[in-house]
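# Examining the three-dimensional arrangement
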Amino acid sequence: MEEEPNRIKLIGYLEESLPAEEMTRLEEKLRTSPRWREVLKELVEEVGSGDYSLATIWQRHRLTCASRERLGAYLQGGLVPDEADYIRFHIEVVQCRRCQANLEDVRSQVEVSSQSLSENVSARRRRFFETSVGYLRHE
Ligand SMILES: [Zn+2]
């Protein structure tokens, strides 16, 4: 089955904001798929009609903001590449303020929780060590 045209990537293509290999992949798509060309043409017409901005296209196509859970997974590398691309594009290219703020917030929480996790681990290790030393002494 043919891959559905990905508007997010096509916008990135128009803006030339994609990594080189992704640009090449999309060029290939556009060369071989009438459907992809059609969607690109629509996007270009939006450019021509003068109300083109990433924000309006984003809204028009209901490219929604990421939830905090998804942002957390994004930070920890737990998303499939397409979804990670989507969020990266949304935050870095579209520069959605709301998601940027949420991402910062989630990032600080992730840092705190992984810090306290490693504190827990070293406390546990220390207790284990002290206990072992205790056993050794008693023997
Ligand atoms: Zn957003």
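Position numbers for residues count from 1 along each chain, tracking the sequence in the order it is written. Predicted model: local features are reported for residues with pLDDT of at least 70 only, side-chain atom pairs are reported and counted for 80 or more only, and whole-chain, interface and lining totals are derived from all residues. The basis for every side-chain value is the complete set of heavy atoms in the structure, and neither hydrogens nor water enter the calculation.

A few words on the overall build of the chain. Strands here are runs of E lasting at least two residues and helices are runs of H or I lasting at least four, both read from the DSSP assignment and numbered beginning at the N terminus. For the chain, the helix and strand inventory stands at 7 helices and 0 strands. For the chain, the succession of helices and strands along the chain, N to C, is α-α-α-α-α-α-α. Going through the 139 residues of the chain one by one, you find that 32% of them count as buried. Only heavy atoms enter the contact rule, under which two residues are in contact if any of them lie within 4.5 Å. Contacts in the chain between residues far apart in sequence, at least 24 positions, make up 59% of those at least 6 positions apart. Total accessible area on the chain stands at roughly 9,700 Å², and carbon and sulfur atoms take up 52% of it. Three exposure classes are used, based on accessible area relative to the maximum for each residue type with a 1.4 Å probe and protein chains only: buried under 20%, partly exposed in between, and exposed over 50%. Each accessible area is a Shrake-Rupley estimate made with a 1.4 Å probe; only the visible protein chains count as cover when residues are assessed.

The rule for a salt bridge is simple: a side-chain nitrogen of Lys or Arg has to be within 4 Å of a carboxyl oxygen of Asp or Glu. If you walk through the whole model with that rule in mind, you get 13 salt bridges. A salt bridge links glutamate 42 to arginine 7, with the nearest nitrogen and oxygen atoms 3.2 Å apart. In this pair, glutamate 42 sits in helix H3 (residues 34-48) while arginine 7 sits in helix H1 (residues 7-14), placing the two residues 35 residues apart along the sequence. Of the residues examined, glutamate 42 reaches a relative accessible area of 30% and is grouped as partly exposed. By relative accessible area, which is 22% here, arginine 7 ends up partly exposed. Here the salt bridges share partners, and the residues they tie into one network are Glu3, Lys9, Glu22, Arg25, Lys29, Asp85 and Arg88.

Moving on, we come to the side chain of serine 33. One can find serine 33 in the loop between helix H2 (20-32) and H3. The buried category is assigned to serine 33, whose relative accessible area is 3%. Here the side chain of serine 33 touches tryptophan 36 through a polar contact of 3.1 Å, landing on its backbone nitrogen. Contacts described as polar in this section are N or O atom pairs within 3.5 Å, which, within protein, must combine one atom able to donate a hydrogen with one able to accept it, while residues neighboring in sequence count only if both atoms come from side chains.

Further remarks concern the nonpolar core. Counting 28 residues, the largest nonpolar core has Leu10, Tyr13, Leu71 and Ile87 as the members making the most contacts within it. Listing elements by their share of this core, those giving two or more residues are H1, H2, H3, helix H5 (68-75), helix H6 (81-93) and helix H7 (97-138). The greatest single-element share of this core, amounting to 5 residues, is contributed by H6. Formed jointly, this core draws a minimum of three residues from each of two domains, domain 1 (1-63) and domain 2 (66-139). Excluding residues that lie within four positions of it along the chain, leucine 10 makes contacts with Pro5, Leu26, Leu30, Trp36, Val39, Leu40 and Leu43. Side-chain atoms within 4.5 Å link the members of a nonpolar core, which is a set of buried Ala, Val, Leu, Ile, Met, Phe, Trp, Tyr and Cys residues. Residue ranges assigned to the domains are those given by an automatic or database domain assignment.

The contact between H1 and H6 brings their axes to 10 Å, and the two run at 50 degrees. Taken together, the axes of H1 and H6 are oblique relative to one another. Where H1 crosses over H6, the handedness of that crossing is left-handed. Every residue of H6 that contacts H1 at Ile8, Lys9, Ile11 and Gly12 is listed here: Asp82, Asp85, Tyr86 and Phe89. Split into classes, the residues belonging to the contact of H1 with H6 amount to 4 nonpolar, 1 polar and 3 charged. Whenever a helix is involved, its axis is fitted only over the stretch in contact; in every case the axis is a line through C-alpha atoms, and angles between N-to-C directions fall within 0 to 180 degrees. Each angle receives one of four descriptions, namely roughly parallel if under 35 degrees, roughly antiparallel if over 145, roughly perpendicular if within 65 to 115, and oblique otherwise. Helix crossings are classified by the rotation of the near helix relative to the far one: an anticlockwise turn of less than a right angle makes the crossing left-handed, while a clockwise turn makes it right-handed. Each residue is assigned to one of three groups, with Ala, Val, Leu, Ile, Met, Phe, Trp, Tyr, Cys and Pro labelled nonpolar, Asp, Glu, Lys and Arg labelled charged, and all others, Gly among them, labelled polar.

Bringing the packing of H1 against H2 into the picture now. For the pair H1 and H2, interaxial distance at closest approach is 10 Å and the crossing angle is 110 degrees. Judged by the angle between their axes, H1 and H2 are roughly perpendicular. Every residue of H2 that contacts H1 at Lys9, Leu10 and Tyr13 is listed here: Glu22, Met23, Arg25, Leu26, Glu27 and Leu30. For the contact of H1 with H2, the residue count by class is 5 nonpolar, no polar and 4 charged.

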